[in-house]
Amino acid sequence: MIDLGLNKNATRMLTGLIMGTIVLSCIIVGGYALLALLIVMLIASSREYVKMLNHKGFYPSLKVIYLTEAILATVVYFKRFDLVAITLTICAMGSFMWVLFKGRQPYIANVATTLLGMVYCGWFPLHLIFLRDLSCDKFDSGLGFVVLMFVAIILTDIGCYYVGSKWGKHKLAPVISPNKTIEGSIGGAFFAVAGAIIIGLYLGVEWYLALFAGLICTSFAQIGDLSESLIKRDAGVKDSGTSLPGHGGFLDRTDSFILTIPIMYYFCKCFIFQTEWMDTLSGMLKGLF
């Protein structure tokens, strides 16, 4: 890890400020900038993922994961959703062939963890491009909803820490993450939903849709955090890496986003940007009753 000559909190804040500025700039610009940001994140997080699994005694193929992510990134950037299934199918077969010709024990675990790496470190985060590029008559792009998601996740972290440290008594997941509490989880959800409603109203979204968006973001942010903690706990490591001073590794900083991004995309796509099916369903129900 790079030594910045600062205390832990100052190092953490400085790293967070630099990361936040870069990420926000790439999201606002979109296009190649966002793609480049995601490629860096995918490469770093996949490498950390494989190293954690190596510590457990599993040996997923980083090369197969990288190849899959490169193809998926190309497919996603050009919005060829029709090629996603064939890409994942062929690359999944590739993971079996890698084990067959170059693999090592434990074979089944190595295939399974390679497949998980493709999806967890690659396919899920790439949905950020889909979310950013959403558009309809009412909304020119999905940029505002990306911001809503980021704010909700950040407020979840702040709320969980603040409420949990002051009033947390009941453990949320004592085996996986002993420091997290139910009270902290509820506090994080409250902060996230409040922030989502405020931003949603500013964007012109109905309050109940913004509320649901906030609930989705805070729920899957916390689930994503616990999921990465599960991997680390099982692998016997404290942090996913040491790439980010004061923060650990890339996975440690992006775990709350990995599961939230795809869920937020599908929610926005189905309930905010495309509502024709809802109008059709409403008409059918009115016809029945």
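Residues numbered from 1 in each chain as written. Predicted model: local features only at pLDDT ≥ 70, side-chain atom pairs only at ≥ 80, totals over all residues. Heavy atoms only, no water.

Q: I'm lost on the overall build of the protein in this one. Help?
A: The helix and strand tally for the protein stands at 11 helices and two strands. N-terminal to C-terminal, the α/β element order of the protein is α-α-α-α-α-α-β-β-α-α-α-α-α. Burial status across the protein gives 45% buried among its 289 residues. The long-range share in the protein, meaning contacts at least 24 apart out of those at least 6 apart in sequence, stands at 67%. For the protein, the computed accessible surface area is about 15500 Å², with 69% contributed by carbon and sulfur atoms. (Helix = DSSP H or I, 4+ residues; strand = E, 2+ residues; numbered from the N terminus. Buried < 20%, exposed > 50% of the residue type's maximum accessible area, 1.4 Å probe, protein only. Contact = heavy atoms within 4.5 Å. Areas by Shrake-Rupley, 256 points an atom, 1.4 Å probe, with all protein chains shown as cover.)

Q: How do you make sense of the pattern of salt bridges when you look at a structure like this?
A: Pairing between side chains becomes possible if they bear opposite charge and their charged atoms approach one another. Tallied over the full model, the rule gives six salt bridges. When the shortest N-O distance is used, the salt bridge between Asp133 and Lys79 registers 3.2 Å. Highlighted residues: Asp133 in the loop between helix H5 (107–132) and helix H6 (143–167) and Lys79 in the loop between helix H3 (62–77) and helix H4 (84–102), separated in sequence by 54 residues. Classification of Lys79 as exposed rests on a relative accessible area of 51%. Across the pair Asp225 and Lys180 runs a salt bridge whose closest N-O atoms are separated by 3.5 Å. Here Asp225 is found in helix H8 (residues 207–235), whereas its partner Lys180 is found in strand E2 (residues 177–181), with 45 residues between them in sequence. A single network of salt bridges, built from pairs that share partners, joins Glu228, Lys232 and Asp252. (Salt bridge = Lys/Arg side-chain N within 4 Å of Asp/Glu carboxyl O.)

Q: Would you take a moment to explain the nonpolar core for this structure?
A: Across soluble globular proteins, nonpolar side chains show a tendency to be buried alongside one another. In this structure, Leu131, Phe145, Met149, Met264, Cys268 and Ile272 are the most contacted members of the largest nonpolar core, which totals 51 residues. Setting aside chain neighbours within four positions, we find Met264 in contact with Leu131, Phe145, Leu148, Met149, Ala213, Ile216 and Cys217. (Core = buried A, V, L, I, M, F, W, Y, C linked by side-chain atoms within 4.5 Å.)

Q: What am I meant to see in the environment of Ile182 here?
A: When you line up the elements, Ile182 lands in helix H7 (residues 182–203). A residue is classified by how much of its surface remains accessible, and Ile182, at 38% relative accessible area, is partly exposed. When the C-alpha atoms of Ile182 and Gly164 are compared, they prove to be 7.8 Å apart, with 18 residues separating the residues in sequence. In this structure, Ile182 is in contact with His170, Lys171 and Leu172, ignoring residues within four places of it in sequence.

Q: Would you mind going over the packing of H5 against helix H10 (residues 260–273) with me for this structure?
A: Any two packed helices are characterised by how steeply their axes cross, that is the angle between the axes, and by the distance between the axes. At their nearest, the axes of H5 and H10 sit 7 Å apart, and the two run at 35° to each other. Where H5 crosses over H10, the handedness of that crossing is left-handed. Listed contacts from H10 to Trp123, Phe124, Pro125, His127, Leu128, Phe130 and Leu131 of H5 are Ile261, Pro262, Met264, Tyr265, Tyr266 and Cys268. Here the residues of the contact of H5 with H10 sort into 12 nonpolar, one polar and no charged. (Axes fitted to C-alpha atoms, helices over the stretch in contact; angles between N-to-C directions. Left-handed = near helix turned anticlockwise from the far one by under 90°. Nonpolar A, V, L, I, M, F, W, Y, C, P; charged D, E, K, R; others polar.)

Q: Looking at this structure, how should I read the side chain of Thr156?
A: Examined against the element boundaries, Thr156 turns out to sit in helix H6. Within the structure, the side chain of Thr156 is placed 3.0 Å from the side chain of Thr218, a separation counted as a polar contact. Ignoring sequence-local partners within four residues, the contact set of Thr156 consists of Gly188, Ala192, Thr218 and Gln222. (Polar contact = N/O pair within 3.5 Å; in protein donor to acceptor, adjacent residues only side chain to side chain.)

Q: Quick question: what am I supposed to make of H7 here?
A: Working note: α-helix, 3.6 residues per turn, so residues spaced by three or four point in the same direction. Its 22 residues give H7 an end-to-end C-alpha distance of 31 Å, which sits within 8% of 32 Å, the value for a rise of 1.5 Å per residue. Among the residues of H7, Glu183, Gly184, Ser185, Gly187, Gly188, Ala189, Ala192, Val193, Gly195, Ala196, Ile199 and Gly200 are the ones counted as buried. Next to the buried residues of H7 lie H6, strand E1 (171–173), E2 and H8. Just downstream of H7 lies Gly204, where phi reads positive at about 95°. (Expected span 1.5 Å × (residues − 1).)

Q: I tried to follow the side chain of Ser185 on my own but got confused; where do I start?
A: Its place among the elements puts Ser185 in helix H7. Given the relative accessible area of 17%, Ser185 is considered buried. Setting aside its immediate chain neighbours within four residues, Ser185 contacts Cys160, Leu172 and Gln222.

Q: Looking at this structure, I do not really get the packing of aromatic side chains. What am I missing?
A: Here the distance between the centres and the angle between the planes together describe a pair of aromatic rings. With the rule as written, the count across this model stands at 15 aromatic pairs. With a centroid separation of 6.2 Å and an interplanar angle of 75°, the aromatic rings of Phe81 and Trp123 are classed as edge-to-face. On the criterion of sequence distance, the pair formed by Phe81 in the loop between H3 and H4 and Trp123 in helix H5 is long-range, its members being 42 residues apart. Centroid distance Trp207 to Tyr208: 6.0 Å. Interplanar angle 90°. Geometry classified as edge-to-face. The class of Tyr208 is partly exposed, set by a relative accessible area of 41%. (Phe/Tyr/Trp six-rings, centres within 6.5 Å; stacked < 30°, edge-to-face > 60°.)

Q: What should I look at first to understand the pairing of E2 in this one?
A: Regular strands have side chains that alternate between both faces of the sheet. In the sheet, E1 pairs with E2 via two bridges, with the strands oriented antiparallel. Looking at E2, one finds that Ala173 is bridged to Ser177. From the end of E1 to the start of E2, which pair antiparallel, there are three residues. (Pairing = 2+ DSSP bridges.)

Q: Just to check I follow, could you spell out the confidence of the model for the protein for this structure?
A: Regions with low pLDDT should not have their predicted coordinates read in detail. Chain-level statistics for the protein give a pLDDT mean of 88 and a share of 90% at 70 or above. When mean pLDDT is compared element by element in the protein, H7 scores highest at 95, while helix H11 (residues 276–288) scores lowest at 62. (pLDDT = per-residue confidence, 0-100.)

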